[in-house]
Amino acid sequence: MTFAVTGRPLRLHPMVVGYEPIAESISVLGGDPARFLLEPVTVAAVVYADGWVLLDTGFNVEIVRDPARRGHHFNYDSYTAVVPPGDPLADQLGALGLPWSSLRGCAISHTHVDHTGGLRHVPAGVPVVFQRAEYEYAAALTPAEAFARTVVQSDFLRTGLAIELLDGDTELAPGLTALDTSGHTPGHQSFAVELPTRTIVLACDAADLRIQIVDAIACGTTMRPSDAPAAEAAARRLRDLDRVAGTEVWPGHDPDWSYTVREGEDHGH
Ligand SMILES: [Zn+2]
């Protein structure tokens, strides 16, 4: 078991930690390139009796707030990071009473800039897991290639991070499993969280919008063009999981989805 927690997941706390304007065609295969959505950037904390686990981490707020570094990393014509005041990740975790000192592990869905930025908060020695195919691909990019792929390598190449690399589906902790949904990026992963009353699968960017899960529609872009068939297979996998009784698959970036529902609260869709 990768993360040092015991028992079963008690609660899931999904959080919105920023926003980003995205053309529908980037999110959804066959989407409208002229229709821009302001998509939430989501992360989740999984709480156990003896610690908690962070799934994805949002933007690097230090870079977003530094004009020179922001210009270097976020200088795109039609894309920018939108971050609420403060540090949305650290502030919400603080409000939940989840201190970094009891973080037992962090898992990153993929290396895009809206998922790796909060790694700067992860204490030394806490395991941080990526799929091997993802990490090795992203780490080997040149700076120009990384910029073109919206990857900020300094987020995850920082010394002190206890990186562990996975090869496909892996149980990370009791009731928490990484699922291979590569395609969007070479080693994208989703996460299944077995809560007391239901299982939530966080699709992350294998399905930005809920409709992609219902209808098995692939993401609009893949980091490598050759991964388009894998992205379609990932969408089918998520659709099939969503059809399992007691399992819900949540999209990664859907403006119309409620990310405020926690285990124990009434929920329907
Ligand atoms: Zn992405």
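Residues numbered from 1 in each chain as written. Predicted model: local features only at pLDDT ≥ 70, side-chain atom pairs only at ≥ 80, totals over all residues.

This part is about the overall build of the chain. Within the chain one finds 10 helices and 11 strands. At 17 Å, the chain has a C-alpha radius of gyration in line with the 18 Å of a compact globule built from 269 residues. Counting over 269 residues, the chain shows a buried share of 46%. (Helix = DSSP H or I, 4+ residues; strand = E, 2+ residues; numbered from the N terminus. Rg over C-alpha atoms; globule rule 2.2 N^0.38 Å. Buried ≥ 20, exposed ≤ 12 C-beta atoms within 10 Å, placed from the backbone.)

One open sheet holds the five strands; their spatial order is β7-β8-β9-β10-β11, and the pairing between them is mixed. Each having just a single partner strand, β7 (170–173) and β11 (247–250) make up the two edges of the open sheet. Geometrically, the sheet is characterised by an average inter-axis angle of 25° between neighbouring strands, direction not taken into account. Summarising the sheet, strand β10 (residues 199–202) and β11 pair through four bridges and their orientation is parallel. Counted as the bridge partner of Thr199 is Thr247 from β11. Against the sheet, helix α10 (residues 228–242) contacts β9 (189–194), β10 and β11, and its axis sits at roughly 140° relative to β11. (Pairing = 2+ DSSP bridges. Axes fitted to C-alpha atoms, helices over the stretch in contact; angles between N-to-C directions. Contact = placed C-beta atoms within 7 Å.)

As a further point, take the pairing of β7. Pairing between β7 and strand β8 (residues 176–180): three bridges, direction antiparallel. Following the sheet pairing, Ala173 is matched in β8 by Leu176. In this structure, the hairpin formed by β7 and β8 is closed by a connection of two residues, where Gly175 is found at a positive phi of approximately 75°.

On to the sheet that holds strand β5 (residues 127–131), then. With respect to topology, six strands assemble into an open sheet ordered β1-β2-β3-β4-β5-β6, the strand pairing being mixed. Lying at the two open borders of the sheet, with one neighbouring strand each, are β1 (11–23) and β6 (162–166). The average undirected angle you get between the axes of adjacent strands in this sheet is 20°. In this sheet, β6 lies alongside β5 in parallel orientation, the contact comprising five bridges.

Phi at Cys204 is positive, roughly 55°, even though this residue is not glycine. In this fold, Cys204 is placed in the loop between β10 and α9 (210–214).

In an α-helix, one turn spans 3.6 residues, which is why side chains three or four residues apart end up on the same side. Burial in helix α4 (residues 88–96) covers these residues: Pro88, Leu89 and Leu93. Angular distribution of buried residues about the axis of α4 spans 120°; they occupy a single face of the element. Those residues of α4 that are buried lie in contact with β1 and β2 (36–48). The first or second residue beyond α4 is Gly97, which carries a positive phi of 75°. (Arc of directions from axis to C-beta.)

Ranked by internal contacts, the top residues of the largest apolar core, which has 69 residues, are Val46, Val53, Leu55, Leu202, Ala203 and Leu238. Looking at this core element by element, the count peaks at seven residues for β2. If we skip the residues at most four places from it in the chain, Val53 touches Phe3, Val5, Val46, Arg104, Gly105, Ala173 and Leu176. (Core = buried A, V, L, I, M, F, W, Y, C linked by C-beta atoms within 7 Å.)

Turning our eyes to something else, we now look at the environment of Val193. Along the chain, Val193 turns up in strand β9. Residues Val193 and Phe147, spaced 46 residues apart in sequence, show a C-alpha to C-alpha distance of 32 Å. Setting aside residues up to four positions removed in sequence, Val193 forms contacts with Pro9, Leu12, Val46, Gly175, Leu176, Thr199 and Ile200.

In this structure, Val41 sits in strand β2. What makes Val41 buried here is the crowd of 26 C-beta atoms within 10 Å. As for Val41 and Arg70, which are separated by 29 residues in sequence, their C-alpha atoms are 17 Å apart. When sequence neighbours within four positions are dropped, the list of residues in contact with Val41 reads Val16, Val17, Gly18, Tyr19, Glu20, Gly58, Phe59 and Asp114.

With that settled, the discussion passes to helix α6 (residues 132–139). Listed as buried for α6 are Glu134, Tyr135 and Ala138. Seen end-on, α6 carries its buried residues on one side only, within an arc spanning 90°. Elements in contact with the buried residues of α6: β5, α8 (153–157) and β6.

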